[in-house]
Amino acid sequence: MSTQLFSQAEQIYKQLQEIEQKLTCFLNEKSVTSIVEQDKSLNDEYIGAVIKQFRFLEVYCMEGKNALKRLIRSETLDINMLEKILKGVYHKCVNQFFSPKDDLWYEDSRASYRDKRSIEFQADPGDDLLDLTQQIEPTFQDLREQLDYLEAV
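Residues numbered from 1 in each chain as written. Predicted model: local features only at pLDDT ≥ 70, side-chain atom pairs only at ≥ 80, totals over all residues. Heavy atoms only, no water.

On to the pattern of salt bridges, then. As enumerated under the stated definition, the model contains six salt bridges in all. Residues E20 and K65 are paired through a salt bridge, measuring 2.8 Å at the closest nitrogen-oxygen approach. Note that E20 is positioned in helix α1 (residues 3-29) and K65 in helix α3 (residues 44-73), a separation of 45 residues in sequence. Between E107 and R144 there is a salt bridge whose closest N-O contact spans 2.5 Å. Taken as a pair, E107 in strand β1 (residues 105-107) and R144 in helix α5 (residues 127-147) lie far apart in primary sequence, 37 residues in all. R144 sits in the buried class, given a relative accessible area of 19%. (Salt bridge = Lys/Arg side-chain N within 4 Å of Asp/Glu carboxyl O. Helix = DSSP H or I, 4+ residues; strand = E, 2+ residues; numbered from the N terminus. Buried < 20%, exposed > 50% of the residue type's maximum accessible area, 1.4 Å probe, protein only.)

Right, dumping it as structure tokens:
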């Protein structure tokens, strides 16, 4: 097994585990009702759609993490299988974070130049969802940098 590929698989596994854990904790504690009760000006339909998208991300990260775990535990590293799993992580996790299907938020590509977060919501998501996004965004950024080469594949 290639040490470099094995190390990359382990690192990505840990990053997916970290994101999944943060999403799971948040989603187990918060609901649309609890978020909207904190700020009555929030749109409950929009908050529900954002939470739904975060649930999808949680599942995608769990699936990628579990697939990597099985691969890491095997005695030989199947490079083709690893590439397939990493493509899935890139397209399902990373791309869905930065460009969700329903355009609930978008990535401000100039954010890094202005030293601010890159995710801009279409409507006010409230402080709890902003905090969660700020917690997981750096890990998603790192995953994107590691897996960027898979975009064209």
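Moving on, we come to helix α4 (residues 79-98). An α-helical segment advances 3.6 residues per turn. Residues three or four places apart therefore align on the same side. The end-to-end C-alpha separation of α4 is 27 Å, in line with the 28 Å expected for 20 residues at 1.5 Å each. Residue Y90 marks the point of greatest curvature in α4, where the axis turns by about 25°. Taken together, the buried positions of α4 are L82, I85, L86, V89, Y90, C93, V94, Q96, F97 and F98. Residues of α4 that are buried make contact with α1, α3, β1, β2 (119-121) and α5. Among the residues of α4, the N-terminal cap falls to D78, whose side-chain oxygen and the backbone nitrogen of N80 are separated by 3.1 Å. (Expected span 1.5 Å × (residues − 1). Bend = angle between axes of the 7 residues up to and from the residue. Contact = heavy atoms within 4.5 Å. Polar contact = N/O pair within 3.5 Å; in protein donor to acceptor, adjacent residues only side chain to side chain.)

As a further point, take the side chain of Q15. Take Q15: it is sitting in helix α1. Note on Q15: relative accessible area 9%, which makes it buried. Other than its neighbours up to four places away in sequence, Q15 contacts T139, D142, L143 and Q146.

So, about the environment of L143. Mapped onto the fold, L143 is located in helix α5. By relative accessible area, which is 0% here, L143 ends up buried. For the pair L143 and Q11, spaced 132 residues apart in sequence, the C-alpha to C-alpha distance is 9.4 Å. Apart from the residues within four sequence positions on either side, L143 is in contact with I12, Q15, L16, I19 and V94.

Bringing the packing of aromatic side chains into the picture now. Inspection of the entire model under this criterion finds six aromatic pairs. Geometrically, the ring pair formed by F56 and Y60 is stacked, given 6.3 Å between the ring centres and 15° between the ring planes. In this pair, F56 and Y60 both sit in helix α3, four residues apart, roughly one turn of the helix. Exposure remark for F56: the relative accessible area of 37% places this residue in the partly exposed category. Taken together, the ring pairs connect F54, F97, F98, W105, F121 and F140 into an aromatic cluster. Taking NZ or CZ as reference, R144 lies 3.7 Å from the ring centre of F98, over its face. (Phe/Tyr/Trp six-rings, centres within 6.5 Å; stacked < 30°, edge-to-face > 60°. Lys NZ or Arg CZ within 6 Å of the ring centre and 35° of its normal.)

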